[in-house]
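# Residue-level structural notes
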There are 2 protein chains.
Amino acid sequence: MKNVNKNSDPKRKKKYEPPDSLTSVGWTEPHIITLADGNNPLLLDCGEELAPISVEYEMYGEMNSNKDNVILLLHALSGDAHAAGWDKKALEMGRSWRVDRPGWWDTMIGPGKALDTNKYCIICSNVLGSCYGTTGPASIDPETGEPYGMSFPIVTVGDWVRLQERLVSHLGIEKLYAVIGGSLGGQQALEWSLAYPDRVERTVILASSARLSAQGLAFNAVARSSILNDINFNDGNYYDRDQPAQGLAIARMLGHITYLSETAMRDKFGRRYRKNGNRPGFHLGVDFEVESYLEYQGQSFVSRFDANSYLYITRAMDYYDAADRGEGDLDRACENARSRFLLISFSSDWLYTPEQMKELTFALYRTKKDVSYVEIPSTYGHDAFLLEVDEITPLISKFLKGDTNHGI
Amino acid sequence: MKNVNKNSDPKRKKKYEPPDSLTSVGWTEPHIITLADGNNPLLLDCGEELAPISVEYEMYGEMNSNKDNVILLLHALSGDAHAAGWDKKALEMGRSWRVDRPGWWDTMIGPGKALDTNKYCIICSNVLGSCYGTTGPASIDPETGEPYGMSFPIVTVGDWVRLQERLVSHLGIEKLYAVIGGSLGGQQALEWSLAYPDRVERTVILASSARLSAQGLAFNAVARSSILNDINFNDGNYYDRDQPAQGLAIARMLGHITYLSETAMRDKFGRRYRKNGNRPGFHLGVDFEVESYLEYQGQSFVSRFDANSYLYITRAMDYYDAADRGEGDLDRACENARSRFLLISFSSDWLYTPEQMKELTFALYRTKKDVSYVEIPSTYGHDAFLLEVDEITPLISKFLKGDTNHGI
């Protein structure tokens, strides 16, 4: 990880401050808490028990005295607990990439924003198996004194949600005002509404579905193969040396293809060459702008993510199928939900397509749930849930305010 | 490459015979010819001259005395000259994978088929840079006595077509009755119609376009990265040792995702697990059927393809843009064409989409060419040009027979 000296680069230092804005949550700090120990391990879906488990989370806005204004926000594959504001401990904790950018959903969280911190208390925790403060493959296995690596147990979306429930209960919250997530975060929101039906009032699911498609499984398989095949992978034991950076970079490159629509790629890069007067350079290296973009995305990712975590989190993404709660029948799985639902998909999202979201909508509708579905026209592809802020803000804002779905 | 002993496996031996069918071209034999030497090197688009160049080709049906019944068939990325029938020299030439299957478009070529060998003489040659008999990175560089590896020059679709023109001229053919190709083969067909407008009477382009999309460029970049990152790649110098098999396998896995539509993947595999009573196996290895399929496709590919060739051919695919002949203007590029055109796309093809094919159709239409365009409804995705035989046979058959496009 690149070492950023905050004194040596005045420009960067200047940037590393919350904007002088009334809509920013400002400086944020991570909280770390132990939620499982030897006396109270977490029983995982794979059958193993895991302890100890630390969880990193952030919190924006004030919890009211009844603790009934809490929104639990769930993050996606490469996300973290730092959803809004400017991480005050970024440098101290070796997270230099946070210095010049706010949290991943900063456009949606803050005073007056969709997730209005004047009204709501927003909590976001890092998932089990990740590399951003919550226990994962890079954590020390107390039995060996070494990082878990590939001996870390397989974790699932169900495990994540059960761990989040521990956090929520620990904080004394009986019922969540809302659970909200996009992509893999949307599947956690869905799982919350099915696993803890009495503890969720509202569920907002964006750019997600009840399960990953066969094509999605296929992309994840290729991404993992690329990491497993890296010269530095060494069966996951690389924490005292170079990580399998190139394999992880390739996995990330592939991910980015699936996050952008074909239209977005065409609009953004087309077939333009990087140099040489827009003529071929006649070599096998980076020649097109789209190659340069992917290369950059891959390389910047490896400085902030752990390859083992990528393996584990994509596997959790593969395994999630909400219909499992109904023995393969999604309608049956949805029957117990008590929450109101707002489902939002994006027309050009081909990773979690509108068709898949409609499948979930229909299952909720057939089981007589209070569900609203909106398909937002967008050319951004899957990334739209991070980018179409103007479109989703009024929808989510209104849904959170109202006592019914009418008017959405 | 797996060594197949034709005597040891009676079942396999039985299969290794042309079917007793009136519509098969039966046994076939490759021809190899030198088309460039020191006195007559091929000037490549990259500026280098290449010699010697051997070309492997096959021929089905009889050339008539006027030599005006010849169809030049162009193959795609992983294709070869063996387009129909049963390769009599498969074992002798170490191409054991050909033993239990006929050529790649056998369903379309033979007596009474769309490319009717009772009427037409079909020629298919392997492209420059490939590993199926035509000079490529695995060939010996006469200057060093070693395989070219990465010192092989970058080749283009334009280079391929100029080399094919040498073959056609060598065989004494003045004008081709038709050029036909799918995918990357379709781009060669298009290039023929633009580079040699007076020597092509009919052009059939399937599942292709005037240029690869930004998304297509991106997939190729990831595929190549995977090969370049393989532990065995060794800067392309691996011919005396293990090839970068895993990297090539990953590239092929990724390719297969783009060849199948999402619907085809769902219909074929869905989210089914391979075993364990259709429950997760809780591991990072092959667990879903779609993973097993990709794994198989990847592994079987490495026994029959050369990783360096994959690098070079995907780059040729990247670089091709028919509009280059019109300085970026596709209409201008099409102006000189004299051929009649039949363009066929497939509704679920997302690698070369119907939209892209329509772009080419409109350019040909605007420049007043004789062009017919058909979009075939299909769930097969890009692979449809190999699979929708019943749909494309009457179209191509009629187009080849007629003197005009009317009635297509």
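Keep in mind the model is a prediction, meaning the values are calculated, not measured.

Now for the overall build of chain A. Along chain A, the regular secondary structure elements total 12 helices and 16 strands. Its C-alpha atoms give chain A a radius of gyration of 21 Å, within 12% of the compact-globule value 22 Å for 408 residues. Expressed as lengths along the three principal axes of its C-alpha atoms, the size of chain A is roughly 60 × 50 × 50 Å. A burial count over chain A gives 56% of its 408 residues as buried. In chain A, once contacts between residues fewer than 6 apart in sequence are set aside, the share between residues at least 24 apart is 70%.

Our focus in this paragraph is helix α12 (residues 389-401) of chain B. Residue and element names in this part refer to chain B. Helix length check: α12, at 13 residues, gives a terminal C-alpha distance of 18 Å against a target of 18 Å (1.5 Å per residue), a fit within 8%. Along α12, the residues that are buried comprise Ile392, Ile396, Phe399 and Leu400. Seen end-on, α12 carries its buried residues on one side only, within an arc spanning 95 degrees. When the buried face of α12 is taken as reference, the exposed residues oriented beyond 90 degrees from it are Asp390, Pro394 and Lys401. Buried residues along α12 sit in contact with β13 (178-182), β14 (202-206), β15 (340-346) and β16 (370-376).

Hydrogen bonds along the backbone pair up the strands of a sheet, which may run parallel or antiparallel. Residues and elements named next belong to chain A. Sheet architecture is open: eight strands sit in the order β2-β5-β10-β6-β13-β14-β15-β16, paired in mixed fashion. Each of the sheet's edge strands pairs with one partner strand only, and the pair in question is β2 (31-36) and β16 (371-376). On average, each strand axis in the sheet is tilted by 20 degrees relative to the strand beside it, whichever way the strands run. For strand β6 (residues 70-74) and strand β10 (residues 121-125), the ladder comprises four bridges, and the chain directions are parallel. Bridged to Leu72 within β10 is Ile123. The strands touched by helix α2 (residues 157-170) are β2, β5 (53-60), β6 and β10; relative to β2, the strand with the most contacts, the crossing angle is about 110 degrees.

It is worth spelling out the domain arrangement of chain A at this point. Residues and elements named next belong to chain A. According to the domain assignment, chain A contains domain 1 (10-215 + 317-401) and domain 2 (216-316). Taking only C-alpha atoms into account, the centre of domain 1 sits 24 Å from that of domain 2. Residue-level contacts link 34 residues of domain 1 with 27 residues of domain 2. Contributions of two or more residues to the side of domain 1 that touches domain 2 are made by α4 (214-228) and α8 (307-319). Among the residues making up the side of domain 1 that touches domain 2, the classes are represented as 20 nonpolar, 12 polar and two charged.

Turning next to the relation of the copies chain B and chain A. Screw-axis analysis of chain B against chain A gives a translation of 0.0 Å along the axis, an RMSD of 0.0 Å, and a rotation angle of 180 degrees. The transformation just described matches what one would write down for a two-fold rotation axis. When each C-alpha of chain B is compared by its distance to the rotation axis, Ile231 of chain B comes out closest, at 2.7 Å. A share of 100% of interface residues in chain B that are also interface residues in chain A marks the association as one of identical surfaces.

Next up on the list: the environment of Ala210 of chain A. Among the secondary structure elements, Ala210 of chain A is positioned in the loop between β14 (202-206) and α4. Considering only alpha carbons, one finds Ala210 of chain A and Tyr320 of chain A, 110 residues apart in sequence, at a separation of 7.8 Å.

Residue and element names in this part refer to chain A. Running from N to C, helix α5 (residues 245-259) and helix α7 (residues 289-302) point in directions that differ by 130 degrees, and their axes come no closer than 8 Å. In terms of orientation, α5 and α7 fall into the oblique class. Along this stretch, α5 crosses α7, giving a crossing that reads as right-handed. Here Ala245, Leu248, Ala249, Ile250, Arg252, Met253 and His256 of α5 lie close against α7, whose contacting residues are Leu294, Gln297, Gly298, Gln299, Phe301 and Val302. For the contact of α5 with α7, the residue count by class is eight nonpolar, four polar and one charged.

Residues and elements named next belong to chain A. Most of β6 is tucked away, with five of its five residues classed as buried. Alternating residues of β6 divide into Val70, Leu72 and Leu74 and Ile71 and Leu73, and every residue in both groups is buried. In the sheet, β6 pairs with strand β13 (residues 178-182) via four bridges, with the strands oriented parallel. When the bridges of β13 are listed, Leu72 appears paired with Val179.

Conventions used here
Residues numbered from 1 in each chain as written. Chains lettered and ligands numbered in written order. Predicted model: local features only at pLDDT ≥ 70, side-chain atom pairs only at ≥ 80, totals over all residues. Helix = DSSP H or I, 4+ residues; strand = E, 2+ residues; numbered from the N terminus. Rg over C-alpha atoms; globule rule 2.2 N^0.38 Å. Buried ≥ 20, exposed ≤ 12 C-beta atoms within 10 Å, placed from the backbone. Contact = placed C-beta atoms within 7 Å. Expected span 1.5 Å × (residues − 1). Arc of directions from axis to C-beta. Pairing = 2+ DSSP bridges. Axes fitted to C-alpha atoms, helices over the stretch in contact; angles between N-to-C directions. Domains from an automatic or database assignment. Nonpolar A, V, L, I, M, F, W, Y, C, P; charged D, E, K, R; others polar. Least-squares fit on C-alpha atoms with pLDDT ≥ 70 in both. Parallel < 35°, antiparallel > 145°, perpendicular 65-115°, else oblique. Left-handed = near helix turned anticlockwise from the far one by under 90°.

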